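A structural walkthrough
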Amino acid sequence: MTFAELLLVMILSSATIGIILLIRRFLAGQLAPAWRYYLWFFLLGTLMLPFFPFKQIRMKYPLSIHHGHKMNIVSNSVSTDTHQTGWMNNFSTSVARINIPLLDELTNAVWITGVVIGIIVVLITQLRLMLLINRANPVHDKEINEIFLTCKTQLSIRKKIKLKQSAAVTSPFICGFFNTYLILPAATEKGSSLTNIRNVTLHELHHYKSRHVHWNYFFLFATVLHWFNPFVWYALKEMRLDREIACDAAVMRSLGNREEKNLDYGRTILHYAERLKQPQPDQIINSIRSSKRHLKKRILHITCGIQYAKNLIWKSVVIFIVLGIVIASQIPVFRAASSTDEQYNIDGKNVAEEDLNRFFNSERSTFVLYSMKADKYYIHNKKQSMQRVSPNSTYKIFSALIALEAGVIQPTATDVEWNGSNYAYKTWNQNQNLQSAMKNSVTWYFHYLDQQVGKKTIQDMLEKYHYGNIDTSAKNFWLESSLKISPFEQVELLRDFNQNRLGVKPAYRKAVKASMMLEKKGDAVLYGKTGTGIVNGKALNGWFIGFVETKSDTYYFAMNLRNGNATGSNAAKITLKILEEKQIYK
């Protein structure tokens, strides 16, 4: 779990708890006791949503959450020669970033440690409970056994529940996920009235009948996963109160909801509350006892009796529908949060996988090649080819196209005057046009185009082009930031661009294509654009995308390096070696 995900989970789960507490506070009279307990199942759903396998279930939502662009500051510091010229050189801008991955790793380690400790504590508690059960003795008193069987019959419980007694407990409880046990204090046979025994037996069996015993484990598991949120621990205590009140109401219905019977039941609860309390595994068991604060509230509900109203169920349904809509609205948020490392879906594409490991020194690098004639993709490292990462300078192809469509520049008028700022590369410190800016990857030129176009138009154009995740939320969105695209998408986009499938004017496409032209060999013409992602002085993301036009075919490619020296120039060198070996460009 990353730091951002942890904050998101805390905010949404705490908000859900707040909503439930407000409903309990102001609409308690509109909810039946059992429905009041059921409110907490919405919290259980919210607590489990972050761990739902959204990635395995392909669902699309308009919301996108990305962590890569946080705290980015563009710096003029570079890691390459500032006197360099030529299309294969690195004209890169370093991005200074607070070490979010380290913070995420630390957060994840602390969270996992807390979960492991929580699981260990639960397992130890469960082990102690099992030892207590194994040491407990069967109940031999005939009257108690008759009451037990009568209560089971009354509640239509057919499953075998073992009745035992133990000197280690002072309050009855029921427990067990698969094998269920009702444990009574050893003193029950001697000092308890038959009324108390019947009342407490009905109480514990109602816990079983309502599946409180089983659902308690799910709530406990969710609490362990969210151990870091104190509101969840508080909510768990309040859930137990509502569960006991719901159980009390069920017992009173079984007793006929008569005042005398209700008062006797209240005395039974007080009887066990007055007894010496020994430590019991309350988080696992379902016991009749409660804390003093909860006990007071339970007694107040019992003395008031059950108020039946014909429209109470309908009011409960309406409240549940509204709360259900609120919880359902969180699904897109968690879906987006689970897609931090977005994968592009290539199911149904005509793909052939290739082994090009001899050209790479990293398992995270990939190469995608598409033959227009064969209408087929050839991929090295399929998984990584679907991974969306920052486009860096490869985005400049479409920055230029967007600027042309927006009228900021014209095919015959692409000049932009240098503002006099001193940049790291000499070739940047002069007036630029589209041809020179693309060749020397002049970042300030394309920043100027983006500023003149405006974020809203850029967003609309990227949606029109189907450009990656279409996230322009960050300031420098295409420099190791919010905008991300997979190598496979890069190839598809280049094909659509060159085949004029993007719906742009031919003159605009021709101008951008001319700026991408790199070199010729025989009848083959190479077009492309490199890109390098440098974070804190380290080259972490190297791109080379483009296409080769020959007399017989057009080949579109995207190379992405994700190793320790992942520069655009290295990506270009490896790409040229692969194209030469395949007899495409030699």
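Criteria and thresholds
Every residue gets a number counted from 1 within its own chain, in the order that chain's sequence is written. Residues qualify for local features only when their pLDDT is at least 70, as the model is predicted, and side-chain atom pairs are given and counted only at 80 or more; totals for whole chains, interfaces and linings, by contrast, use all residues. To obtain the side-chain values, all non-hydrogen atoms of the structure were included, while hydrogens and water were left out. Numbering of helices and strands runs from the N terminus, with a helix taken as a DSSP run of H or I at least four residues long and a strand as a DSSP run of E at least two residues long. In this scheme, a residue with accessible area under 20% of its type's maximum is buried, one over 50% is exposed, and one in between is partly exposed, where area comes from a 1.4 Å probe on protein chains only. Note on contacts: a residue pair is in contact if any heavy atoms of the two residues lie within 4.5 Å. Each accessible area value is a Shrake-Rupley result obtained with a 1.4 Å probe; residue values ignore everything except the protein chains displayed when judging cover. Residues grouped as a nonpolar core are buried Ala, Val, Leu, Ile, Met, Phe, Trp, Tyr and Cys residues, joined through side-chain atoms within 4.5 Å. Each axis is a line fitted through C-alpha atoms, taken for helices only over the stretch in contact, and angles between the N-to-C directions span 0 to 180 degrees. Here the angle decides the label: under 35 degrees means roughly parallel, over 145 means roughly antiparallel, 65 to 115 means roughly perpendicular, and every other value means oblique. Each helix crossing is assigned a hand: it is left-handed if the near helix lies turned anticlockwise from the far helix by less than a right angle, otherwise right-handed if that turn is clockwise. Under the scheme applied here, ten amino acids are nonpolar (Ala, Val, Leu, Ile, Met, Phe, Trp, Tyr, Cys and Pro), four are charged (Asp, Glu, Lys and Arg), and all others, including Gly, are polar. Salt bridges, as used here, are contacts in which a Lys or Arg side-chain nitrogen is within 4 Å of a carboxyl oxygen on Asp or Glu. Expected span of a helix: the number of residues minus one, times 1.5 Å. A 3.5 Å cut-off defines polar contacts: any pair of N or O atoms within that distance qualifies, except that in protein one atom must be a possible hydrogen donor and the other a possible acceptor, and neighbouring residues in sequence count only when both atoms are side-chain atoms. Centres within 6.5 Å are what make two rings of Phe, Tyr or Trp a pair, Trp counting through its six-membered ring; a difference in plane orientation under 30 degrees is then read as stacked, over 60 as edge-to-face, and the rest as tilted. Criterion used throughout: strands pair if DSSP finds at least two bridges between them.

With that settled, consider the overall build of the protein. Per the secondary structure count, the protein includes 20 helices and 14 strands. Within the protein, buried positions represent 54% of all 586 residues. Pairs at least 24 residues apart make up 72% of the contacts formed inside the protein by residues separated by at least 6 positions. Of the roughly 27,300 Å² that the protein leaves accessible, carbon and sulfur atoms contribute 57%.

Tyr395, Phe398, Leu401, Tyr445, Phe446 and Tyr465 are the most contacted members of the largest nonpolar core, which has 60 residues in total. With seven residues, the single largest contributor to this core is helix H14 (residues 396-406). With near-sequence residues (within four places) excluded, phenylalanine 446 lies in contact with Lys396, Ser399, Ala400, Leu434, Ala437, Met438 and Trp478. Ile174, Ile197, Leu202 and Leu255 belong to the second-largest nonpolar core, a separate cluster that totals 24 residues.

Quick look at the packing of helix H2 (residues 33-48) against helix H8 (residues 230-254) now. Running from N to C, H2 and H8 cross one another at 150 degrees; their axes reach a closest spacing of 8 Å. One element, H2, and the other, H8, form an angle in the roughly antiparallel class. Crossing of H2 over H8 shows left-handed handedness. Counting all contacts with H2, which are made through Pro33, Ala34, Arg36, Tyr37, Trp40, Leu43 and Leu47, the residues of H8 involved are Val232, Ala235, Glu238, Met239, Asp242, Arg243, Ile245, Ala246 and Ala249. Of the residues that constitute the contact of H2 with H8, the class distribution is 12 nonpolar, no polar and four charged.

Tallying each qualifying case throughout the model produces 17 salt bridges. For aspartate 264, the salt bridge is made with arginine 267, and the minimal N-O distance between the two is 2.7 Å. Residue aspartate 264 and its partner arginine 267 are located together in helix H9 (residues 259-274), separated by three residues, close to a single helical turn. The class for aspartate 264 is partly exposed, based on a relative accessible area of 25%.

The next subject is unusual backbone geometry. Within the chain, serine 156 stands out as a residue other than glycine whose phi angle is a positive 55 degrees. For serine 156, the position within the fold is in the loop between helix H4 (142-154) and strand E4 (161-166). Non-glycine residue serine 441 carries a positive phi angle of around 50 degrees. Turning to its location among the elements, serine 441 is positioned in the loop between helix H15 (434-439) and helix H16 (443-453).

Further remarks concern the environment of alanine 572. Structurally, the position occupied by alanine 572 is in helix H20 (residues 568-581). As a C-alpha pair, alanine 572 and tryptophan 543 span 29 residues in sequence and 7.7 Å in three-dimensional space.

Attention now moves to H8. Because each turn of an α-helix spans 3.6 residues, side chains separated by three or four positions end up pointing in the same direction. The end-to-end C-alpha distance of H8 is 37 Å, a good match for the 36 Å that 25 residues give at a rise of 1.5 Å each. The N-cap residue of H8 is asparagine 229: its side-chain oxygen and the backbone nitrogen of phenylalanine 231 are 3.0 Å apart. Two residues or fewer past H8, glycine 256 is found with a positive phi of approximately 90 degrees.

In this section: the packing of aromatic side chains. What the rule picks out here adds up to 32 aromatic pairs. With a centroid separation of 5.8 Å and an interplanar angle of 15 degrees, the aromatic rings of phenylalanine 51 and tryptophan 111 are classed as stacked. Taken as a pair, phenylalanine 51 in the loop between H2 and strand E1 (72-75) and tryptophan 111 in helix H3 (residues 100-135) lie far apart in primary sequence, 60 residues in all. Relative to phenylalanine 228, the ring of tryptophan 227 lies with its centre 6.0 Å away and its plane at 80 degrees, an arrangement referred to as edge-to-face. Overall, the relative accessible area of 28% leaves tryptophan 227 in the partly exposed class. Residue phenylalanine 228 is classed as buried on the basis of its relative accessible area, which comes to 15%. Pairwise contacts between aromatic rings join Trp35, Tyr37, Tyr38, Phe41, Phe42, Phe177, Phe178, Trp215, Tyr217, Phe218, Phe219 and Phe320 into one cluster.

Bridge count between strand E11 (residues 517-521) and strand E12 (residues 524-535): four bridges; the pairing is antiparallel. When the sheet's bridge partners are listed, glutamate 519 is paired in E12 with leucine 526. Counted along the chain from E11 to the antiparallel partner E12, the turn is two residues long, and its residue glycine 522 has a positive phi close to 65 degrees.

Between the first and last C-alpha of helix H1 (residues 3-26) there are 34 Å, a value that for 24 residues agrees with the 34 Å anticipated at 1.5 Å per step. Along H1, the positions that sit buried rather than exposed are Ala4, Leu6, Leu8, Val9, Leu12, Ser13, Ser14, Thr16, Ile17, Ile20, Ile23 and Arg24.

Of all 12 residues that make up strand E13 (residues 538-549), 10 are buried, and the element is covered over most of its length. Where E12 meets E13, 11 bridges bridge the pair, whose relative direction is antiparallel. Across the sheet, valine 535 pairs through a bridge with lysine 538, a residue of E13. Turn length for the E12-E13 hairpin, with the two strands adjacent in sequence and antiparallel, is two residues, and the turn residue asparagine 536 shows positive phi of about 50 degrees. Note that E13 and strand E14 (residues 554-561) share eight bridges and pair antiparallel. Directly across from tryptophan 543, in E14, lies its bridge partner asparagine 560. Connecting E13 to the antiparallel partner E14 that follows it, the hairpin turn spans four residues.

What follows concerns the environment of isoleucine 379. Here isoleucine 379 lies in strand E10 (residues 376-380). Between the C-alpha atoms of isoleucine 379 and valine 351, which are 28 residues apart in sequence, the distance is 7.1 Å. Beyond its immediate sequence surroundings of up to four residues, isoleucine 379 is in contact with Ile346, Val351, Ala352, Glu353, Glu354, Thr366, Phe367, Val368, Ser385 and Phe488.

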